[in-house]
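Each chain is listed here by its residues.
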Amino acid sequence: MDKKVNDFSISVVIPTYNAERTIKRALDSVRKQTAVELISEIIVVNDGSTDGTQKIVEDYRKNHPEISVLLINKKNGGVSSARNIGMENANGNWIALLDSDDEWRENHLEELNTLMEQFPNYNVYITGYDLTLNDGTLIHKSQEILKSFPQVKKNFFVFYTLVFSIFLVLYVHFLVI
């Protein structure tokens, strides 16, 4: 399936469950992207949270009308069912997944756009991730592992098969809480 770079619109899907401590940070990392114009919407799927997650997302939506935030509340069914519901409701022609306890580097979408320009015939794109503690201590940097792969270009890693990409997980950052 060929996609044109100028058709690059993203639905960001964020499944969440009891994430009142982290959901705002995840939403901020999307809103503060250097290429925020590529985002068609943010879809937050509240998977039956029993804390203040729903109110935080509702307040966020009211306080940031410049970006479309759709909140879908559902009975708890697990992160996979929440992701699936988010993807089913997505309007963008690309879907970016972000967990509610993770955050993106500010140029993440810009990097993805560059990957699309460099490799227009691919259907899955991923950038590296950093594993950090709450105090900012870096524990692991994915680019160190990826240097051994010949497909590494400018700190990007393109997965040539969907199976391999799923195996290595499609998340940009993983933040230990």
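A brief structural summary. (Residues numbered from 1 in each chain as written. Predicted model: local features only at pLDDT ≥ 70, side-chain atom pairs only at ≥ 80, totals over all residues. Heavy atoms only, no water.)

Take the overall build of the protein next. What the protein contains, in helices and strands, is six helices and nine strands. A total of 177 residues make up the protein; the buried ones form 44% of that total. Long-range pairs, those at least 24 residues apart, make up 77% of the contacts in the protein with a sequence separation of at least 6. Entry remark: accessible area of the protein is about 9400 Å², with carbon and sulfur atoms responsible for 53%. (Helix = DSSP H or I, 4+ residues; strand = E, 2+ residues; numbered from the N terminus. Buried < 20%, exposed > 50% of the residue type's maximum accessible area, 1.4 Å probe, protein only. Contact = heavy atoms within 4.5 Å. Areas by Shrake-Rupley, 256 points an atom, 1.4 Å probe, with all protein chains shown as cover.)

Going through the model one piece at a time under the given rule, you end up with six salt bridges. The residue Asp28 makes a salt bridge to Arg31 at a minimum N-O spacing of 3.2 Å. Of this pair, Asp28 and Arg31 both sit in helix H1 (residues 23–31), three residues apart, roughly one helical turn. Among the ionic pairs, Lys74 bridges to Asp47, the shortest N-O distance being 2.6 Å. (Salt bridge = Lys/Arg side-chain N within 4 Å of Asp/Glu carboxyl O.)

Spatially, four strands are ordered E3-E2-E1-E4 in an open sheet, and the strand pairing comes out parallel. At either margin of the open sheet sits one strand with a lone partner, and together these are strand E3 (69–74) and strand E4 (94–97). The sheet shows a mean angle of 25° between the axes of neighbouring strands, direction not considered. Inspection of the sheet shows strand E2 (residues 39–47) paired to E3 by six bridges, in the parallel sense. (Pairing = 2+ DSSP bridges. Axes fitted to C-alpha atoms, helices over the stretch in contact; angles between N-to-C directions.)

The next thing to look at is the environment of Thr34. By the secondary structure assignment, Thr34 is in the loop between H1 and E2. Once the C-alpha coordinates of Thr34 and Leu109 are considered, the two residues, 75 residues apart in sequence, prove to be 7.5 Å apart. Not counting residues up to four positions away in its chain, the partners in contact with Thr34 are Glu106, Asn107 and Glu110. Within the structure, the side chain of Thr34 is placed 2.5 Å from the side chain of Glu110, a separation counted as a polar contact. (Polar contact = N/O pair within 3.5 Å; in protein donor to acceptor, adjacent residues only side chain to side chain.)

This part is about the packing of aromatic side chains. Here the structure, examined in full by the defined rule, presents one aromatic pair. Arranged with centres 5.5 Å apart and planes meeting at 75°, the rings of Phe119 and Tyr122 form a pair that is edge-to-face. The class of Tyr122 is partly exposed, set by a relative accessible area of 23%. (Phe/Tyr/Trp six-rings, centres within 6.5 Å; stacked < 30°, edge-to-face > 60°.)

Helix H2 (residues 53–63) packs onto H1 with a crossing angle of 30° between their chain directions and a minimal axis gap of 10 Å. In terms of orientation, H1 and H2 fall into the roughly parallel class. Both H1 and H2 take part in a crossing whose hand is right-handed. In this structure, H1 contributes Ile23, Lys24, Leu27, Asp28 and Arg31 to the contact, and H2 contributes Thr53, Ile56, Val57 and Tyr60. Looking at the contact of H1 with H2 residue by residue, the classes come out as five nonpolar, one polar and three charged. (Parallel < 35°, antiparallel > 145°, perpendicular 65-115°, else oblique. Left-handed = near helix turned anticlockwise from the far one by under 90°. Nonpolar A, V, L, I, M, F, W, Y, C, P; charged D, E, K, R; others polar.)

Quick look at unusual backbone geometry now. A positive phi angle, close to 45°, is found at Asn18, a residue other than glycine. Among the secondary structure elements, Asn18 is positioned in the loop between strand E1 (10–16) and H1. For Asn18, a relative accessible area of 30% puts it in the partly exposed group.

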